[in-house]
Amino acid sequence: MHSPDQPEILRLLPDGTKVVDGEIAISGVRVSDLAAAFGTPAYIVDERALRQRIRDYREGLHRRWPNSRVYFASKAFPSTAVYRVMADEGLGIDVAGGGELVMALAGGVKPSDILVHGNAKTDVDLRMAVDAGVGLIVIDNLEEIERLSEIVTGTQDVLVRFRPDVDAQTHSAMATGQGDSKFGLGLDDARAAIRMIEQSRCLRMRGVHVHIGSQVFDTTSFSEAIEALSTLGEHEIYDVGGGLGERYTYDDPEVGIDEYLDAVTAAAQKWLPAGSRLIIEPGRSLVA
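Please read all numbers here as calculations on a predicted model, not as lab measurements.

Draft legend 1. A look at the overall build of the protein. The secondary structure content of the protein amounts to 10 helices and 11 strands. Computed over C-alpha atoms, the radius of gyration of the protein comes to 20 Å, within 12% of the 19 Å expected from 2.2 N^0.38 for 288 residues, which places it in the range of a compact globule. In terms of overall dimensions, the protein has C-alpha extents of about 65 × 40 × 35 Å along its principal axes. In the protein, buried positions account for 51% of the 288 residues. For the protein, the accessible area works out to roughly 13500 Å², and carbon and sulfur atoms hold 50% of it.

Draft legend 2. Highlighting the pattern of salt bridges. Within the structure shown, the criterion is met by 21 salt bridges. Salt-bridge contacts for Glu 246 lead to Arg 53; the nearest nitrogen and oxygen are separated by 3.5 Å. Of this pair, Glu 246 sits in the loop between strand S10 (237-239) and helix H9 (257-271) while Arg 53 is found in helix H2 (residues 47-64), placing the two residues 193 residues apart along the sequence. Asp 123 is paired through a salt bridge with Arg 147; the nearest N and O atoms lie 2.5 Å apart. Taken together, the residues Asp 123 in helix H5 (residues 123-132) and Arg 147 in helix H6 (residues 142-151) connect sequence positions 24 residues apart. Judged by its relative accessible area of 41%, Asp 123 is partly exposed. Several salt bridges share partner residues, and in doing so they unite Glu 47, Arg 51, Arg 55, Arg 58, Glu 59, Asp 88 and Glu 89 into one network.

Draft legend 3. Structural context of the pairing of strand S5 (residues 92-95). Burial along S5 is two-sided: Gly 92 and Asp 94 and Ile 93 and Val 95, pointing in opposite directions, are all buried. Of the strand pairs in this sheet, strand S4 (residues 68-73) and S5 are connected by 3 bridges, and their pairing is parallel. Considered in S5, the bridge of Tyr 71 is made with Gly 92. Viewed along the sheet, the connection from S4 through helix H3 (residues 80-88) into S5 turns out right-handed. When S5 meets strand S6 (residues 114-116), the two strands line up parallel, connected through 3 bridges. Its bridge partner being in S6, Ile 93 is matched across the sheet by Ile 114. In the classification by handedness, the crossover that spans S5, the intervening helix H4 (residues 98-106) and the parallel S6 is right-handed.

Draft legend 4. Just the packing of aromatic side chains, in detail. For the structure on display, the rule yields 3 aromatic pairs. Pairing Tyr 57 with Tyr 260 gives two aromatic rings, centres 6.3 Å apart and planes at 75°, and the pair type is edge-to-face. Taken as a pair, Tyr 57 in helix H2 and Tyr 260 in helix H9 lie far apart in primary sequence, 203 residues in all. As far as the burial class goes, Tyr 57 and Tyr 260 line up, both buried. Ring centres 5.0 Å apart and planes at 85° place the aromatic pair Phe 222 and Tyr 260 in the edge-to-face group. One end of the pair, Phe 222, is in helix H8 (residues 220-229); the other, Tyr 260, is in helix H9, with 38 residues separating them in the sequence. On the basis of relative accessibility, which here comes to 4%, the residue Phe 222 falls in the buried class. Judged by its relative accessible area of 1%, Tyr 260 is buried. A connected cluster of aromatic rings, assembled from ring pairs, spans Tyr 57, Phe 222 and Tyr 260. Lying over the aromatic face of Tyr 71, Arg 69 brings its terminal NZ or CZ to 5.5 Å of the ring centre.

Draft legend 5. Broad picture of the nonpolar core. Residues Met 86, Ile 137, Leu 148 and Ile 280 are the most contacted members of the largest nonpolar core, which totals 65 residues. Tallying contributions element by element places H9 first for this core, with 6 residues. In this view, Leu 148 contacts Leu 126, Val 130, Ile 137, Ile 139, Val 158 and Leu 203; residues no more than four positions away in its chain are not counted.

Draft legend 6. Seen up close, the pairing of strand S2 (residues 23-26). Across 3 bridges, strand S1 (residues 18-20) lies against S2 in antiparallel orientation. Of the residues in S2, the one forming a bridge with Lys 18 is Ala 25. Between S1 and S2, which pair antiparallel in sequence order, lie 2 residues; one of them, Asp 21, sits at a positive phi of approximately 50°. In sequence, S2 turns back onto strand S3 (residues 29-30) through a hairpin of 2 residues, with Ser 27 there showing a positive phi of about 55°.

Draft legend 7. Region of interest: the sheet that holds S4. Strand order in the closed barrel formed by 8 strands is S4-S5-S6-S7-S8-S9-S10-S11, with parallel pairing between adjacent strands. Neighbour-to-neighbour, the strand axes of the sheet open up by a mean angle of 30°, direction not taken into account. Note that strand S8 (residues 156-161) and strand S9 (residues 203-209) share 6 bridges and pair parallel. The residue bridging Val 160 from the neighbouring strand is Val 208, located in S9. Seen against the sheet, helix H7 (residues 187-198) touches strand S7 (136-139), S8 and S9 and runs at an angle of roughly 155° to S9.

Criteria and cut-off values
- Residues numbered from 1 in each chain as written.
- Predicted model: local features only at pLDDT ≥ 70, side-chain atom pairs only at ≥ 80, totals over all residues.
- Heavy atoms only, no water.
- Helix = DSSP H or I, 4+ residues; strand = E, 2+ residues; numbered from the N terminus.
- Rg over C-alpha atoms; globule rule 2.2 N^0.38 Å.
- Buried < 20%, exposed > 50% of the residue type's maximum accessible area, 1.4 Å probe, protein only.
- Areas by Shrake-Rupley, 256 points an atom, 1.4 Å probe, with all protein chains shown as cover.
- Salt bridge = Lys/Arg side-chain N within 4 Å of Asp/Glu carboxyl O.
- Pairing = 2+ DSSP bridges.
- Right-handed = clockwise from strand over helix to strand, strands pointing away.
- Phe/Tyr/Trp six-rings, centres within 6.5 Å; stacked < 30°, edge-to-face > 60°.
- Lys NZ or Arg CZ within 6 Å of the ring centre and 35° of its normal.
- Core = buried A, V, L, I, M, F, W, Y, C linked by side-chain atoms within 4.5 Å.
- Contact = heavy atoms within 4.5 Å.
- Axes fitted to C-alpha atoms, helices over the stretch in contact; angles between N-to-C directions.

Encoded structure:
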């Protein structure tokens, strides 16, 4: 944790960042030295702090819900170096499209640890995912079931993304769970998708997925989404997405990982089957 006698700006930066002789030092390295070595602008990642953040998520979720897995929502920072760290720490990887899939594989992520989602997956994206042998593909619309079925020759595990009609308190451009969102399926279509997949020769219905948006600070929104997700019946996997907000400015609230995990798992204990597998997908709250 940051020392209380350090400047307020450090509360926006990774634990371990300090001000030394009037200059920011990240993990003991002065930013002027980094600028001299790599030029500017530059993205600077404190690997020690990143690994600790990963472990806080992974171990915190496991303590509360042992049958669980953390997937990194990699659109937050698709970098082969970051993918390597995530894979090394045992996280699954959530990719949106072929580009992130290629980078994740290049970063050493096992295909079985990859989840592919997105509301505009092309046939090329789907074929790349199937050919790579990814673990899970998230169905975002009814048409995708037919297209994916034409590509799969063996079997493919899938989740169905549900639009829960939860209006997360975030910027409208970052909200994805409201009733008129272009992402996921409404209740009737989600139920139809589940029936179609259960009758498929090649797609295996593993569970359901929800994601209400990004930069969400009100944890009750996550709880409401899980309650809504439970209306789709009992399944092996419940992927409740990510979206925890990250503090970018002094005016942003500070919501800790423990507070978020408490809210998510309390709702899961109330609304989901006890033996099910719980997945969360943090993105910016891991790497920002």
